[in-house]
Amino acid sequence: MTPAGVGFRFDVLTLFPEIFSGYLTQSILKLALQQKLVEICLWNLRDWSPDQRHHQVDDRPFGGGPGMVIMPEPVFACVEAIRQQGPEPGTLIMLTPAGERLTQPLVRELSGLKRLLLLCGRYEGFDERIRLGLKPREISIGDFVCNGGEVPAMVLIDTVVRYVPGVLGDEKSVVEESHSETGRLEYPQYTRPREFRGLAVPEILLSGNHQAIAQWRREQSELRSRRTQPTTERSERKEGEP
Ligand code: SAM
């Protein structure tokens, strides 16, 4: 349990805490927060700027180049201050396109911790001394560049909370899903109506034969997984093939 007695605590260090307000007040996360299964604390890095007047947190890069770089002082001060809250200092994560790729096994690993501090960059990113001095774990959500670390932080929170006990209605969800323990992608799912615009639900799903349904799902799951293998294999697919 975290200091506040909740299951999992995230501390988000950002220049734009307001970005999170809609996301935190909807659906699964809203319930998880209400039930105190998860706690999310937002910290504005500007509050730790040594510049009391303008709350400046960034400056031009030495050596020239475009954009602005986040200075070390506010980040160090913020991390050090919030780590002192409670007995568990937590794991510091820097969201960066240069980091280790976020995958389902990594999500699962992170969900085994109790507190994550998520450091969101902006502009051209962080002064290198933040990485060298605070030694964060560096995580990327993919090989592309977002405008800031807030959306990557939300992706990380969104994926990790699915493993926090009690957050999902049915805990089997995380076991059977794509990229889960099975190593396969999930099978196709259908709901009502039985027929929609000429597309019918496969008969087998209406058969009531649970063994046959499980077998069909396994086969579909394997088919789907094979289809999303590396591009060389994918490009071998015949035209018109789903
Ligand atoms: N100049 C940096 C570079 O080339 O690597 C990119 C800076 S990006 C515009 C600003 C911030 O967005 C980064 O500091 C990081 O926190 C976040 N960010 C952008 N893309 C990301 C990704 N793929 N994964 C995680 N964080 C990302």
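Residues numbered from 1 in each chain as written. Predicted model: local features only at pLDDT ≥ 70, side-chain atom pairs only at ≥ 80, totals over all residues. Heavy atoms only, no water.

Visitor: Just checking my understanding: could you explain unusual backbone geometry for this structure?
Guide: Most peptide bonds are trans, and most residues other than glycine sit at a negative phi. Each neighbour pair has its own omega, and for Arg192 with Pro193 the value is 0 degrees, a cis peptide bond. Inspection of the secondary structure assignment puts Pro193 in the loop between helix H7 (173-176) and strand E8 (195-196). Phi is positive for His55, close to 55 degrees, though the residue is something other than glycine. Within the element layout of this structure, His55 appears in the loop between strand E2 (38-44) and strand E3 (58-59). (Helix = DSSP H or I, 4+ residues; strand = E, 2+ residues; numbered from the N terminus.)

Visitor: How should the side chain of Asn44 be read in this particular structure?
Guide: Of note, Asn44 is situated in strand E2. Taking relative accessible area as the criterion, Asn44 reaches 18% and is therefore assigned buried. One polar contact links the side chain of Asn44 to the main-chain amide nitrogen of Arg46, over a distance of 3.0 Å. Every residue in contact with Asn44, bar those within four places of it in the chain, is listed here: Thr14, Leu15 and Pro17. (Buried < 20%, exposed > 50% of the residue type's maximum accessible area, 1.4 Å probe, protein only. Polar contact = N/O pair within 3.5 Å; in protein donor to acceptor, adjacent residues only side chain to side chain. Contact = heavy atoms within 4.5 Å.)

Visitor: Please clarify how the domain arrangement of the protein should be interpreted in this entry.
Guide: Put simply, an interface is often sized by how much accessible area is lost when its parts join up. What the domain assignment lists for the protein is domain 1 (8-163) and domain 2 (184-227). Placing a centre on the C-alpha atoms of domain 1 and another on those of domain 2 gives a separation of 40 Å. (Domains from an automatic or database assignment.)

Visitor: So what exactly am I meant to see when it comes to the packing of aromatic side chains here?
Guide: To describe a pair of aromatic rings, you give the distance between the ring centres and the angle between the ring planes. Evaluated as defined, the whole model comprises two aromatic pairs. Residues Trp43 and Trp48 carry aromatic rings whose centres are separated by 6.0 Å and whose planes lie at 70 degrees to one another, so their mutual orientation is edge-to-face. Overall, the relative accessible area of 18% leaves Trp43 in the buried class. (Phe/Tyr/Trp six-rings, centres within 6.5 Å; stacked < 30°, edge-to-face > 60°.)

Visitor: Help me understand helix H3 (residues 72-83) in this model?
Guide: Because an α-helix completes one turn every 3.6 residues, residues spaced three or four positions apart along the sequence face the same direction. When the terminal C-alpha atoms of H3 are compared, their 16 Å separation across twelve residues agrees well with the 16 Å that a helix rising 1.5 Å per residue should span. Every buried residue of H3 is listed here: Pro72, Pro74, Val75, Cys78, Val79 and Ile82. Residues of H3 that are buried sit in contact with strand E1 (8-14), E2, strand E4 (69-70), strand E5 (91-101), strand E6 (115-119) and helix H5 (128-134). (Expected span 1.5 Å × (residues − 1).)

Visitor: What am I meant to see in the side chain of Arg9 here?
Guide: Take Arg9: it is sitting in strand E1. Taking relative accessible area as the criterion, Arg9 reaches 5% and is therefore assigned buried. Side chain to side chain, Arg9 and Gln85 meet in a polar contact 2.8 Å long.

Visitor: Would you mind showing me how to read the pattern of salt bridges here?
Guide: Should their charged atoms come close, side chains of opposite charge can pair. One pass over the structure, following the stated rule, counts twelve salt bridges. The partner of Arg9 in a salt bridge is Glu39, and the shortest N-O contact between them spans 4.0 Å. Taken together, the residues span a long stretch of sequence, with Arg9 in strand E1 and Glu39 in strand E2 at a distance of 30 residues. With a shortest N-O distance of 2.2 Å, Arg162 and Glu177 are connected by a salt bridge. Of the two residues, Arg162 sits in the loop between helix H6 (150-160) and H7 while Glu177 sits in the loop between H7 and E8, which places them 15 residues apart along the sequence. Residue Arg162 is classed as partly exposed on the basis of its relative accessible area, which comes to 25%. In the salt-bridge network here, residues are joined through shared partners; they are Arg9, Asp11, Glu39 and Arg115. (Salt bridge = Lys/Arg side-chain N within 4 Å of Asp/Glu carboxyl O.)

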